[in-house]
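So the chains spell out like this:
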Amino acid sequence: MNRFVVALIVMGAVAGAALWHGHGLLNQTLALDGDALPLEIRSGETLQGVAARLHAEGVIDAPERLVWAARLSGRDLDIKAGEYEMHLGMRASELIDMLVAGRTVLHAMTIVEGWTYTQLRRELARHPAIVQTLDGVDDERLMARLGKPDKHPEGWFFPDTYLFAKGTTDFAFLERAMRTMDAHLAQAWELRDSGLPYATPYEALVMASIIEREARVVAERSIIAGVFVRRLERRMRLQTDPTVMYGLGPDFKGPLRTVHLRTDTPYNTYTRNGLPPTPIALPGASALRAAVQPANGDALFFVSRGDGTHKFSATLEEHNRAVRRYILGKGDDGNGTER
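Reading guide: rules and limits
Residues numbered from 1 in each chain as written. Predicted model: local features only at pLDDT ≥ 70, side-chain atom pairs only at ≥ 80, totals over all residues. Heavy atoms only, no water. 1 Å grid on protein atoms, 1.4 Å probe; cavity = no way out; pocket = protein on both sides within 12 Å on 5 of 7 lines; lining within 4 Å. Points joined across faces, edges and corners; volume = space filled by probe spheres on them. Nonpolar A, V, L, I, M, F, W, Y, C, P; charged D, E, K, R; others polar. Helix = DSSP H or I, 4+ residues; strand = E, 2+ residues; numbered from the N terminus. Axes fitted to C-alpha atoms, helices over the stretch in contact; angles between N-to-C directions. Parallel < 35°, antiparallel > 145°, perpendicular 65-115°, else oblique. Contact = heavy atoms within 4.5 Å. Buried < 20%, exposed > 50% of the residue type's maximum accessible area, 1.4 Å probe, protein only. Polar contact = N/O pair within 3.5 Å; in protein donor to acceptor, adjacent residues only side chain to side chain. Core = buried A, V, L, I, M, F, W, Y, C linked by side-chain atoms within 4.5 Å. Phe/Tyr/Trp six-rings, centres within 6.5 Å; stacked < 30°, edge-to-face > 60°. Lys NZ or Arg CZ within 6 Å of the ring centre and 35° of its normal. Left-handed = near helix turned anticlockwise from the far one by under 90°.

Enquirer: I would appreciate a short explanation of the layout of surface pockets in the present structure.
Expert: With a probe scaled to a water molecule rolled over the atoms, the places where space remains empty come into view. In this structure, the largest pocket spans a volume of roughly 870 Å³. Lining the largest pocket are 28 residues; nearest its centre among them are Asp241, Tyr270, Phe302, Val303 and Ser304. A breakdown of the residues in the lining of the largest pocket according to their chemical character gives 13 nonpolar, nine polar and six charged. Taken as a whole, the second largest pocket spans an internal volume of roughly 550 Å³. The wall of the second largest pocket is formed by 22 residues, among which Thr116, Thr118, Tyr246, Gly249 and Pro250 lie closest to the centre. Only α5 (117-126) and α10 (241-247) provide two or more residues apiece to the lining of the second largest pocket. Take the lining of the second largest pocket: its biggest share by element is five residues, from α5. Along the lines of polarity and charge, the residues of the lining of the second largest pocket split into nine nonpolar, six polar and seven charged.

This is the structure:
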């Protein structure tokens, strides 16, 4: 056997031993004090730096050998920055797989149906995992950056629960919620009934926002939509309280009084015809669907029963009786006779 062959055999044996030893290192269980331990990888940080930190915390032994073992498996170069969680029983190989794949901890934020844009921005600013970048950016500049110049921001962000990694910016969150609304609005517009009194999808969005604020019971949303559509078709004023409240500003908490109903603003549907100029809230999927697929019927009025449902009426006389019964508390036997 010549020296060259001997050298090859020795090299192969060394490589095999290295691979075997590296495999053993990667299969070692992390030493965690508890069920889980957070791990944050900074942008640009290498596996060597991470291994050194974990060694200092007593999670792994021999950080240099761990890096070497990872290098032999070809997984030492491309770890992703972010927030991770190591769990009890995790092996070193699983940790490296997690860092390379970027399986970061996901945080959640829910946009609630019926929130206003002001409420959304307030809650977004409070979220500890979201990076704030929009301080000092007014709504006009924000909407221009989001691709909707000259649009009011109200109504454009879809209510849902969004999952995201720590470090997501407020702008990125809003952009995602807006794109989601774009998709839902486009779908609703595509499925709309014929002959509706909306010239554009935006008008359907405005209507959906009113329905969202008026209807607490999902089953009533298409009925309420039908009332508003018929009023628009007959050029009757919508006379809906949520629009009045919106026009009085975000600090108005109610209750509405007669003086408020007579105070003219662009959103007062008691003093102005047609839809308000913008949405008044962030509508969800069921409100969008109701706006474009309103229920048939003859009702032109409705009044709250005080339990989340409404009494619908086809005539003003019938409506006035319902108001006396449910708002003024005078009662009615259903035939116009007060009790």
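Now that the structure is up, let's keep going.
Enquirer: Where do I start with the packing of helix α7 (residues 170-190) against helix α8 (residues 201-214) in this structure?
Expert: Packed helix pairs are specified by the crossing angle of their axes together with the interaxial distance, meaning the distance between the axes. Close contact between α7 and α8 brings their axes to 10 Å; oriented N to C, the two are set at 100 degrees. When the axes of α7 and α8 are compared, the pair comes out roughly perpendicular. Seen from α7, the contacting residues are Met181, Leu185 and Trp189; seen from α8, they are Pro201, Ala204 and Leu205. Residues that form the contact of α7 with α8 fall into these classes: six nonpolar, no polar and no charged.

Enquirer: Explanation requested: the side chain of His319 in the structure shown.
Expert: In this fold, His319 is placed in helix α13 (residues 316-326). Beyond its immediate stretch of four places on either side in the chain, His319 contacts Phe301, Phe302, Val303 and Ser313.

Enquirer: Honestly, the side chain of Ser209 in this entry has me stumped. Any pointers?
Expert: As for its placement among the helices and strands, Ser209 is situated in helix α8. On the basis of relative accessible area, Ser209 is assigned to the buried category, the value being 0%. Only 3.0 Å separates the side chain of Ser209 from the backbone nitrogen of Ile280, close enough to count as a polar contact. Leave out the neighbours within four places in its chain, and Ser209 touches Pro279, Ile280, Ala281 and Pro283.

Enquirer: Help me out: how do you make sense of unusual backbone geometry in this one?
Expert: Residues apart from glycine generally show negative phi values, whereas peptide bonds are mostly found in trans. For the bond running from Gly254 to Pro255, omega is 5 degrees, close enough to zero to count as cis. The residue Pro255 is located in the loop between α10 and α11 (258-261) in this model. We note that Asp150 has phi near 70 degrees; this positive angle belongs to a residue other than glycine. On the secondary structure map, Asp150 appears in the loop between α6 (139-145) and β4 (161-165). The phi dihedral of Gln239 is positive, around 50 degrees, even though this residue is not glycine. As for its placement among the helices and strands, Gln239 is situated in the loop between α9 (221-233) and α10.

Enquirer: What should I look at first to understand the nonpolar core in this one?
Expert: A general feature of soluble globular proteins is that nonpolar side chains tend to end up buried together. Counting 58 residues, the largest nonpolar core has Leu120, Trp156, Phe157, Phe173 and Tyr198 as the members making the most contacts within it. Ranked by residues supplied to this core, first place goes to α7 with nine residues. Not counting residues up to four positions away in its chain, the partners in contact with Trp156 are Met143, Lys148, Lys151, Ala177, Met178, Met181, Asp182, Leu185, Tyr202, Leu205 and Leu282. Grouped together as the second largest cluster of nonpolar side chains are 21 residues, Ile41, Val59, Ile60 and Leu95 included.

Enquirer: Sorry if this is basic, but what is going on with the packing of aromatic side chains here?
Expert: Ring pairs (aromatic) are described by centroid distance and by the angle formed between their planes. Counted according to the given criterion, the structure contains seven aromatic pairs. Centre to centre, the rings of Phe164 and Phe173 are 5.8 Å apart; their planes meet at 85 degrees, and the pair counts as edge-to-face. There is no split in this pair, since Phe164 and Phe173 are both buried. Clustering of aromatic rings is evident, with ring pairs tying together Tyr162, Phe164 and Phe173. Over the ring of Phe171 we find Arg145; its NZ or CZ atom is 4.3 Å from the centre of that ring.

Enquirer: Explain the packing of α5 against α7 here, please?
Expert: One way to put it is that α5 packs onto α7 with a least axis distance of 11 Å and a crossing angle of 140 degrees. With respect to each other, α5 and α7 are oriented oblique. You can see that α5 and α7 cross each other, and the crossing is right-handed. On the side of α5, the interface is formed by Leu120, Arg121 and Leu124, while α7 contributes Asp170, Phe173 and Leu174. Residues of the contact of α5 with α7, tallied by class, amount to four nonpolar, no polar and two charged.

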